[in-house]
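As a plain string of letters, each chain reads:
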Number of protein chains: 2
Amino acid sequence: MSTGVRRRMGVEERRKQLIGVALELFSQRSPDEVSIDEIAAAAGISRPLVYHYFPGKLSLYEAALKRAAQDLAGRFDEPHEGPLGDRLRRVMRRFFDFVDEHGPGFSALMRGGPAVGSSATNALIDAVRQAAYVQILSHLEVDDPPARLELVVRSWISLAESTALIWLDGRRIPRAELEVQLVHDFAALAAVSAAYDEEMAGVVRRMIKDEPPDGAFADLAARLITLAS
Amino acid sequence: MSTGVRRRMGVEERRKQLIGVALELFSQRSPDEVSIDEIAAAAGISRPLVYHYFPGKLSLYEAALKRAAQDLAGRFDEPHEGPLGDRLRRVMRRFFDFVDEHGPGFSALMRGGPAVGSSATNALIDAVRQAAYVQILSHLEVDDPPARLELVVRSWISLAESTALIWLDGRRIPRAELEVQLVHDFAALAAVSAAYDEEMAGVVRRMIKDEPPDGAFADLAARLITLAS
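Residues numbered from 1 in each chain as written. Chains lettered and ligands numbered in written order. Predicted model: local features only at pLDDT ≥ 70, side-chain atom pairs only at ≥ 80, totals over all residues. Heavy atoms only, no water.

Draft legend 1. View of the nonpolar core. Counting 152 residues, the largest nonpolar core has Leu18(A), Ile39(A), Trp156(A), Leu18(B), Ile39(B), Leu60(B) and Trp156(B) as the members making the most contacts within it. With residues near it in sequence (within four places) discarded, Leu18(B) still touches Ile39(B), Ala43(B), Ile45(B), Val50(B), Tyr53(B), Phe54(B) and Leu60(B). (Core = buried A, V, L, I, M, F, W, Y, C linked by side-chain atoms within 4.5 Å. Buried < 20%, exposed > 50% of the residue type's maximum accessible area, 1.4 Å probe, protein only. Contact = heavy atoms within 4.5 Å.)

Written out as structure tokens, the structure is:
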């Protein structure tokens, strides 16, 4: 928002400020509904001056999206310490923080709308997915993933995205529940794949060997056995 | 492909023929790579005549996509007879048939490319997802789904899409294995949700009560217990 105080900014500083202002507006409403006039007003500068720094709304949108993508990818960083389930749980909390902060913009982007879906925006989304994929493999300590593990990890990432989108549509389930559920979903999808494949069974055994007996996975297993009986 | 035989077709017949020819070309290569000239040649008519029936490539693409969407939604129809796991297995086989037949076009569409992602194409994709959702609820005999069941069904539909897309990228896992795996994934995601929610537990108990003791779910459960021990 404008502070009312006008002072000269350098080019890079001004660009950064505009990106920040635009990202906030694009996060709170569908980007289609945000005008350059609004961005100019929120930044406390004139409309022509916005065009001086960005040739059009799409380029400003892409710059804002790039910053958001870097922000999200940064939240995937997690120390390689402690049980895997707890690590993933912390990442899921930061992922939902991000989704919460950028709700309407995240929905519009991921559902594909008129102002989005360019090859540049698709490349940014793919880069974030790839960052998530690389992080998970590094925590699993796998360098050269078999095809079935790649499938489990990548399809789970898409499950996490759709879970977040469904959550945003009405927020009818507490997000903390979904953060835990996605950790469990990861284990469940890996276990299903491992049930019919020896290589995946090895991955899953290594995954759960350091899980504490009172941790999330053990609790889930006990509850599933109760459910089945 | 052109038969070489020229005869006069009625307007609707010609439109249908063009849609069929275009769908075949859009299925085999990314739609961006298919030209109107090619479509005209394959239909055995002149380029201006194509434009007589469709104002541009996008309108022909959307018409082809509409036919493909109706085709796919039709494959979700399944008699309400026998164990649920077997029913879903048959639908998964038909889903992978469709994905197999339309591979490159399906990938280009679902990954979002320059020629796709219009609001009309997004509406068609959403309509197919909704058809899948309605079918699943009808087989579960649920009229008014609780939020957690809606989440499981919708997020599993997205998992099925991403599994198919990953399969198309190299086909490194036999599709029959993935058809079974997706049936198991559905049960696993429902079970994870049911582990912490009484209402979902009721849904899952009804889901598995008619499963045969030598069926897919019982086999999976036995294998998971082996894996965990």
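Text resumes after the structure shown.
Draft legend 2. Region of interest: helix α8 (residues 147-168) of chain B. Residue and element names in this part refer to chain B. With 22 residues, α8 should reach 32 Å at 1.5 Å per residue; the first-to-last C-alpha distance of 32 Å fits that figure. Of all 22 residues in α8, 21 are buried; the element is thus mostly enclosed. Of the residues trailing α8, Gly-170 is marked for its positive phi of about 110°. (Helix = DSSP H or I, 4+ residues; strand = E, 2+ residues; numbered from the N terminus. Expected span 1.5 Å × (residues − 1).)

Draft legend 3. Local environment of the environment of Ile157(A). All names here are of chain A. Here Ile-157 shows up in helix α8 (residues 147-168). In this structure the C-alpha to C-alpha distance between Ile-157 and Gln-130, which are 27 residues apart in sequence, comes to 9.5 Å. Every residue in contact with Ile-157, bar those within four places of it in the chain, is listed here: Arg-129, Ala-132, Tyr-133 and Ile-136.

Draft legend 4. Main features of helix α9 (residues 175-195) of chain A. Taking 1.5 Å of rise per residue, the 21 residues of α9(A) would be expected to cover 30 Å, and the 30 Å separating its terminal C-alpha atoms lies within 8% of that figure. Burial runs high along α9(A): 18 of the 21 residues are buried.

Draft legend 5. Representation of the confidence of the model for chain A in the model. Mean pLDDT over chain A works out to 90, with 94% of the residues at or above the 70 mark. The element-level mean pLDDT for chain A is lowest in helix α11 (residues 216-228) of chain A, coming to 75, with α8(A) highest at 97. (pLDDT = per-residue confidence, 0-100.)

Draft legend 6. Seen up close, the packing of aromatic side chains. For the structure shown, the criterion picks out 10 aromatic pairs over all chains. A centroid spacing of 6.5 Å and a plane angle of 75° characterise the contact between Phe95(A) and Phe106(A), whose relative ring orientation is edge-to-face. Of this pair, Phe95(A) sits in helix α5 (residues 84-101) while Phe106(A) sits in helix α6 (residues 103-111); the two residues are 11 residues apart in sequence, bridging distant segments of the chain. The pair Phe95(A) / Phe106(A) is uniform in exposure class, with both members buried. Relative to Phe96(B), the ring of Phe95(B) lies with its centre 5.6 Å away and its plane at 80°, an arrangement referred to as edge-to-face. Since its relative accessible area comes to 6%, Phe95(B) is described here as buried. An aromatic cluster is present here, built from Phe95(A), Phe96(A), Phe106(A) and Trp167(A) joined pairwise through their rings. Positioned over the ring face of Tyr133(A) is Arg154(A), at 3.7 Å from the centre of the ring. (Phe/Tyr/Trp six-rings, centres within 6.5 Å; stacked < 30°, edge-to-face > 60°. Lys NZ or Arg CZ within 6 Å of the ring centre and 35° of its normal.)

Draft legend 7. Highlighting the pattern of salt bridges. Residue and element names in this part refer to chain B. With the rule as written, the count across this model stands at 40 salt bridges over all chains. Across the salt bridge formed by Asp-97 and Arg-175, the nearest N and O atoms sit 2.8 Å from each other. Within this pair, whereas Asp-97 is found in helix α5 (residues 84-101), its partner Arg-175 is found in helix α9 (residues 175-195), the two being separated by 78 residues in sequence. Overall, Asp-97 belongs to the partly exposed group, its relative accessible area being 29%. (Salt bridge = Lys/Arg side-chain N within 4 Å of Asp/Glu carboxyl O.)

Draft legend 8. Spotlight on the interface of chain B and chain A. Tallying the contact residues gives 42 residues for chain B and 42 residues for chain A. Each partner contributes to the roughly 3,700 Å² buried at the junction of chain B and chain A, and carbon and sulfur atoms together form 65% of this total. For the chain B face of the interface with chain A, the top three residues by lost area are Leu151(B), Tyr196(B) and Leu227(B), together amounting to 18%. Put simply, Arg148(B) and Glu177(A) hold a salt bridge, and the shortest N to O gap is 2.6 Å. In this assembly, chain B and chain A are joined by 6 residue pairs in polar contact (both at pLDDT 80 or more). Those elements that provide at least two residues to the side of chain B that touches chain A are α8, α9, α10 (198-209) and α11 (216-228) of chain B. Class assignment for the residues of the side of chain B that touches chain A results in 21 nonpolar, 11 polar and 10 charged. (Buried area = accessible area lost by both parts, 1.4 Å probe. Polar contact = N/O pair within 3.5 Å; in protein donor to acceptor, adjacent residues only side chain to side chain. Nonpolar A, V, L, I, M, F, W, Y, C, P; charged D, E, K, R; others polar.)

Draft legend 9. Layout of unusual backbone geometry. Non-glycine residue Arg171(A) carries a positive phi angle of around 45°. By the secondary structure assignment, Arg171(A) is in the loop between α8 and α9.

Draft legend 10. Main features of the UniProt feature "domain: HTH tetR-type" (unreviewed entry) in chain A. In the numbering used here, UniProt assigns the "domain: HTH tetR-type" (unreviewed entry) feature to residues 12-72 of chain A. Annotation note: span residues 12-72 of chain A, helix share 79%, strand share 0%, distance between end C-alpha atoms 22 Å. (UniProt positions renumbered as here; feature names shortened; annotations may be inferred.)

Draft legend 11. Structural view of the packing of α9(B) against α10(B). All names here are of chain B. Contact geometry for α9 and α10: axes closest at 8 Å, N-to-C directions at 145°. The way α9 lies across α10 gives a crossing that is left-handed. Mapping the contact onto sequence places Phe-186, Ala-187, Ala-190, Ala-191, Ser-193 and Ala-194 in α9 and Met-200, Ala-201, Val-204 and Met-207 in α10. Partitioning the contact of α9 with α10 into residue classes produces 9 nonpolar, 1 polar and no charged. (Axes fitted to C-alpha atoms, helices over the stretch in contact; angles between N-to-C directions. Left-handed = near helix turned anticlockwise from the far one by under 90°.)

Draft legend 12. Examining the relation of the copies chain B and chain A more closely. Take chain B, turn it by 180°, move it 0.0 Å along the axis, and it overlays chain A with an RMSD of 0.0 Å. Overall, the copies show the geometry of a two-fold rotation axis. Residue by residue, 100% of the interface of chain B is reproduced at the interface of chain A, so both copies engage with the same surface. (Least-squares fit on C-alpha atoms with pLDDT ≥ 70 in both.)

Draft legend 13. Local environment of the UniProt feature "DNA-binding region" (unreviewed entry) in chain A. Under the local residue numbering, the UniProt record ascribes the feature "DNA-binding region" (unreviewed entry) to residues 35-54 of chain A. In residues 35-54 of chain A, the share of helix is 75% and the share of strand is 0%. The end C-alpha atoms are 13 Å apart.

Draft legend 14. Highlighting the side chain of Arg87(B). All names here are of chain B. Its location among the elements puts Arg-87 in helix α5. Within the buried core, Arg-87 has no salt-bridge partner, and the shortest N-O distance to an opposite charge, that of Glu-141, equals 5.5 Å. Those residues in contact with Arg-87, other than ones at most four positions away along the chain, are Glu-78, Pro-79, His-80, Glu-81, Gly-82 and His-139. (Lys, Arg positive; Asp, Glu negative; His and termini not counted.)

Draft legend 15. Spotlight on the environment of Gln181(A). Its place among the elements puts Gln181(A) in helix α9. Measuring from C-alpha to C-alpha, the distance between Gln181(A) and Ala63(A) comes to 33 Å, with 118 residues separating the pair along the chain.

Draft legend 16. Region of the structure containing the packing of helix α4 (residues 57-75) of chain B against α5(B). Residues and elements named next belong to chain B. Running from N to C, α4 and α5 cross one another at 160°; their axes reach a closest spacing of 9 Å. The angle between α4 and α5 falls in the class roughly antiparallel. Judged by the twist between their axes, the crossing of α4 over α5 is right-handed. Note on element contacts: α5 touches α4 through Val-91, Arg-94, Phe-95, Asp-97, Phe-98 and Glu-101, opposite Ala-68, Asp-71, Leu-72 and Arg-75. Classifying every residue of the contact of α4 with α5 by side-chain character gives 5 nonpolar, no polar and 5 charged. (Parallel < 35°, antiparallel > 145°, perpendicular 65-115°, else oblique.)

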